[in-house]
Structures are given as structure tokens and as C-alpha cells.
Amino acid sequence: MTCSILTGGAWGDEGKGKCITYLCNNDKPDIIARAGVGPNAGHSVEFNGEKYGLRLIPSGFVHTGAKLMIGAGVLVDPEVFFHELEYLNKYDVKGRTLVDGRCAIIKPEHRERDKHSDYLSKKIGSTGSGCGPANSDRVLRIADLAKDVPELEDYITDVSLAINETLDEGNDVFVEGSQGFSLSLYYGTYPYVTSKDTCASTFAADVGVGPTKVDEVITVFKSYITRVGAGPFPTEITQEEAEAKNIEEYGVVTGRRRRVGLFDMDLAKESCRINGTTQIALTCVDKLYPDCAKTQDFSDLSGETKKFIDDIQTETGVPVTIISTGPDLKDTIDLRDELL
Ligand code: GTP
Ligand code: IMP
Ligand code: MG
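A brief report on the enclosed structure follows. (Residues numbered from 1 in each chain as written. Chains lettered and ligands numbered in written order. Predicted model: local features only at pLDDT ≥ 70, side-chain atom pairs only at ≥ 80, totals over all residues. Heavy atoms only, no water.)

Digging into the coordination of the magnesium ion (ligand 3)
Bound to the magnesium ion (ligand 3) are the protein donor atoms D13 (OD) and G42 (O), situated 2.0 Å from the metal. Taken together, the positions of D13 in the loop between β1 (3–8) and α1 (16–23) and G42 in the loop between β2 (31–34) and β3 (43–47) put the pair 29 residues apart, joining distant regions of the chain. Since its relative accessible area comes to 17%, G42 is described here as buried. (Donors = N, O, S within 2.8 Å, 3.2 Å for Na, K, Ca; no water. Helix = DSSP H or I, 4+ residues; strand = E, 2+ residues; numbered from the N terminus. Buried < 20%, exposed > 50% of the residue type's maximum accessible area, 1.4 Å probe, protein only.)

What follows is the structure, given as C-alpha cells:
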């Protein structure tokens, strides 16, 4: 039995989608559970030559043997939920996706309040998905819950009970957290953050699993950093510098151009400390070091790349077990057997 939690190391978009797809496989885990804020997230999943952009359904959907669950802490927008059930129909998600009845609901009114608030949309640079206003209503205890929405009736379950029973039976559970450490309402760059904590302990609470049940916390870092929206960004570089390095990016949910910066070791250390990280997954190594593209063997990495990885390991004190060298699942160096 292993309960793993995956977290974003910085401001989101670290490539969690690919890591989740890689780390889960058809035999296990039994449950892939979504934690985090809600449909403000945008995950990219590339599988069998096709690319999917998702906001709510767990990124592990390609693994058809797993049940997909949305934990009570996550905000559910029924429009996004039903759209994704159709969009991912090919993977039979309808038959195996379940939502905790205690999830709070995002209504069209929340999206309007988000988009039309100058403070949220212009100053903070929110995604406009309604998450901030819906979490605010939840704190005021006036939000609707999923169990009270008739269209969701067939999908409602007690996610916490299902997860704890699955663990008690000796099976594996994988919890995918969205966003990233620096967007945490508590530990991020307040007020330029999202509407909830985005660290491992909150992800455990989101799906109703106690801290004593968690075995692994895998934190995903990209080899450089990106940020969408406003706020401090100590290692930021100019768009021209980012273009010259070929690391410019655009957001999945908003299409906005992402701000780009260099890897930030101080941030990585704090992120690992507060998340209680047991393993690091490092993505887009090939974007920073093109000579490493598609490398599948650690010994084939250049000396410069090895030093970069070694420095991260030494400074954070956490093993870098997964090194991603391209978007394809094959483009992965997996050191778990050697390092754990
Ligand atoms: P999260 O928000 O953390 O889930 O990230 P994401 O999956 O949404 O990342 P994003 O939307 O920024 O998309 C990342 C893109 O990079 C996707 O198309 C991935 O397939 C791709 N990708 C992931 N890992 C790597 C990598 O190691 N190298 C390269 N070149 N591309 C990658
Ligand atoms: P909100 O979560 O929509 O209120 O947005 C607040 C801030 O968090 C903005 O800067 C958003 O760009 C950022 N944000 C929220 N979710 C994500 C995500 O999944 N990836 C990257 N940035 C995000
Ligand atoms: Mg993303």
C-alpha cells in the first residue's frame, strides 16, 4: 500500500500532467484523486500521440484501470466537469469518475464575479474560472455543495472513505495536487496567490486522508520557472532572453503568455521543506539543455546537466528520482530503483 501525493514546486505548470501520466500505470494505483483549488488549473497530458488539456478530471485519466475521484476540498464547476467527461469519453471516464458530495460548486455567477472584479482579474491576474469567489462563498458558508446538485447525483461518493478503505485493503492511491507552492494562500507571494493553500498537507486534507497515511510526496520542478499573472518573481528574465533560450510558454486555461525565470534554489529548498518532499521530479531538462533531449539513461546526460541535478539534490537534500527529457512518456530517466 502506498499513498503518494504529487505537488507543484513553484507557480504551477511544472509539467505535472506528464509526471502523473508517467507515475501511474494500468495496474496501480487503484484510485487517482484530484486535490487542489479547482478548474483554475490547466494540465497538459500527451498520450499515444494525442494531446489533452484538462482542468478538473484527474490527469491520470489515461490509466483506464484506476477510479478517478475529486476530493471534498476541490471546487467543482459542473459545466467544466460534464464537458471533460464528454471530451475524454474515449477513455471511459464517465464510468469511473466520482465526486465527493462535500465539494463546493462554482456557479456562472462566480465566474462573472471573478472576471469583472478589477482586483482579482487585473491586479492579481486570476484565471477568471470563478475559484476565488466560490472559495470565498464557501468560507462564508453560503456555497452550494455537490450533493445538492441533481445533475451530479450519479457521480457522488464519499471520496475520503473510498481512499481510506482502498489503502486499508493494501492498494495504492495517488493524489494529484494542482497549482504550485508559490501560489499558496499561506506560503506563496501573497496577495498574488490563489484562494487556498497548495501544499501537500492541504492536498491530503482535500481528499480526506490523514498525514500518518501518506508515504511519498513527489514535488515537480521545471528546469526553469514560469509564472502567469502578477506578483514577485525574483529570478525572472526578459521575454527576449526567454525566446533566445527557446523557453517561452503560453497558458493552457487562459492562453496568456507566461513570465519566465531561471531555476530558483532558495525557492526549491523552501518548497521541499514545507511540502515535506521525499522525491523530486525535474521536467523540461531538454529545454534548458537541448543536448539532453529524449535521453533515457542518466549516464548519457551532459556534465553540465548532471551538475545542475546534483546541485538540486545537494541543496534540497531530496533525491531527484524522475528526470523528464521530453514530452513523450519514453523521454524519462527513472532513478527510483537506484535512489530510494
Ligand atoms: P501542470 O500545470 O504542472 O500540470 O503542468 P502542465 O502539464 O499543465 O504543463 P503545461 O501546460 O505547461 O504543459 C507542459 C507541456 O510540456 C506539455 O505539452 C507537456 O507534454 C510538455 N512537457 C512535459 N514535460 C516535458 C519535458 O520534460 N520536456 C519537454 N520538452 N516538454 C515537456
Ligand atoms: P485564481 O486561482 O484564478 O484566483 O488566480 C490567482 C493566481 O493564481 C493567478 O496569478 C493565476 O494565474 C494563478 N494560478 C491559479 N491556478 C494556476 C495554475 O494551475 N497554474 C498557474 N497559475 C495558476
Ligand atoms: Mg498547468
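Now, onward.
Points about empty space enclosed by the protein
For the structure on display, the rule yields 1 cavity of 30 Å³ or more. Put simply, the largest cavity is a space of about 50 Å³. As for the largest cavity, its lining consists of A10, W11, G12, D13, E14, F221, K222, Y224, I225 and T226. Looking at the lining of the largest cavity, the elements with two or more residues in it are β9 (216–222) and β10 (224–227). Sorting elements by how many residues they give to the lining of the largest cavity places β10 first, with 3 residues. (1 Å grid on protein atoms, 1.4 Å probe; cavity = no way out; pocket = protein on both sides within 12 Å on 5 of 7 lines; lining within 4 Å. Points joined across faces, edges and corners; volume = space filled by probe spheres on them.)

Topic: the nonpolar core
Residues L6, F61, I70, V76, F81, V99 and F174 are the most contacted members of the largest nonpolar core, which totals 37 residues. Contributions of two or more residues to this core are made by α1, β3, β4 (50–54), β5 (67–70), α2 (78–87) and β9. (Core = buried A, V, L, I, M, F, W, Y, C linked by side-chain atoms within 4.5 Å.)

Treat this as a map of the structure, not an account of what it does.
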